[in-house]
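Examining the three-dimensional arrangement
Chain by chain, the residues:
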Amino acid sequence: MKGILFSLIPFAVFAFISCDRTAVDENFEEARLLFSKSAELILETTSKINSVNDSLSVDSLINIYNKEITDINFSFPPETDLKLTEQENDSLFKLIESMHKIKAEKLKSLAFVPTDSIIQENVGM
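Residues numbered from 1 in each chain as written. Predicted model: local features only at pLDDT ≥ 70, side-chain atom pairs only at ≥ 80, totals over all residues. Heavy atoms only, no water.

Here's the deal with the overall build of the protein
- In terms of helices and strands, the protein carries four helices and zero strands.
- Listing every helix and strand of the protein by position from the N terminus yields α-α-α-α.
- Per-residue burial for the protein yields a buried fraction of 19% across its 125 residues.
- As displayed, the protein offers around 9500 Å² of accessible surface, 63% of which is attributable to carbon and sulfur atoms. (Helix = DSSP H or I, 4+ residues; strand = E, 2+ residues; numbered from the N terminus. Buried < 20%, exposed > 50% of the residue type's maximum accessible area, 1.4 Å probe, protein only. Areas by Shrake-Rupley, 256 points an atom, 1.4 Å probe, with all protein chains shown as cover.)

Structure follows, in structure tokens:
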């Protein structure tokens, strides 16, 4: 009886690993899809921020980005983001950091408004 059990153990382990590997591969595939959708959205938003000419549009784009990234994250099973590789996490971090730097630079450039000579004259009175 023990001989039969010991001979079945390798088959059971192989079957368990095979089933588990399929689930793992699906999780990694979902993580790759999450990464690509997130990166695409970040790059698209960054490009749009570069092309707008007022701070209201920048804020609107950031609000749209926040909603869309949330929708993307909730469209995947829980903890899919934990399956991303270290390189993918680093890439997303750098893309987001770059987007926020560009946003800050854009808002700073839009904040400079040449003074109006009429206002200067009235203030000097």
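A closer look at the packing of helix α2 (residues 55-74) against helix α3 (residues 86-111)
- Where α2 contacts α3, the two axes come as close as 9 Å, and the packing angle between them is 160 degrees. Relative to α3, the element α2 is oriented roughly antiparallel. Note on packing geometry: the crossing formed by α2 with α3 is left-handed. Along the contact surface, α2 presents S55, V58, I62 and Y65, while α3 presents I96, M99, K103, K106, L107 and L110.
- Partitioned by chemical class, the residues of the contact of α2 with α3 number seven nonpolar, one polar and two charged. (Axes fitted to C-alpha atoms, helices over the stretch in contact; angles between N-to-C directions. Parallel < 35°, antiparallel > 145°, perpendicular 65-115°, else oblique. Left-handed = near helix turned anticlockwise from the far one by under 90°. Contact = heavy atoms within 4.5 Å. Nonpolar A, V, L, I, M, F, W, Y, C, P; charged D, E, K, R; others polar.)

What about α2?
- The terminal C-alpha atoms of α2, which comprises 20 residues, lie 29 Å apart, in line with the 28 Å expected from a rise of 1.5 Å per residue.
- Looking at α2, one finds that the buried residues are V58, L61, I62, Y65, I69 and I72. Projection of α2 onto a plane perpendicular to its axis shows the buried side chains occupying an angular sector of 100 degrees, all on one side. In α2, the exposed positions angled more than 90 degrees off the buried face are occupied by L56, N63, K67 and F74. (Expected span 1.5 Å × (residues − 1). Arc of directions from axis to C-beta.)

Re the nonpolar core
- Core analysis: the biggest nonpolar cluster contains 18 residues, and L41, I42, I49, Y65, I72, L92 and M99 have the highest contact counts within it.
- Here L92 is in contact with F35, S38, A39, I42 and L84, once residues within four sequence places are set aside. (Core = buried A, V, L, I, M, F, W, Y, C linked by side-chain atoms within 4.5 Å.)

So, α3
- In a regular helix each residue adds 1.5 Å, so 26 residues correspond to 38 Å; α3 covers 37 Å between its end C-alpha atoms and thus fits that length.
- Every buried residue of α3 is listed here: E88, L92, M99, I102 and K106.

A few points about the pattern of salt bridges
- What the rule picks out here adds up to three salt bridges.
- The partner of E88 in a salt bridge is R32, and the shortest N-O contact between them spans 2.5 Å. Here the residue E88 occupies a position in helix α3, and R32 occupies one in helix α1 (residues 2-51), the gap between them amounting to 56 residues.
- Among the ionic pairs, E44 bridges to K48, the shortest N-O distance being 3.2 Å. Here K48 and E44 lie together in helix α1, a separation of four residues that amounts to about one turn. (Salt bridge = Lys/Arg side-chain N within 4 Å of Asp/Glu carboxyl O.)

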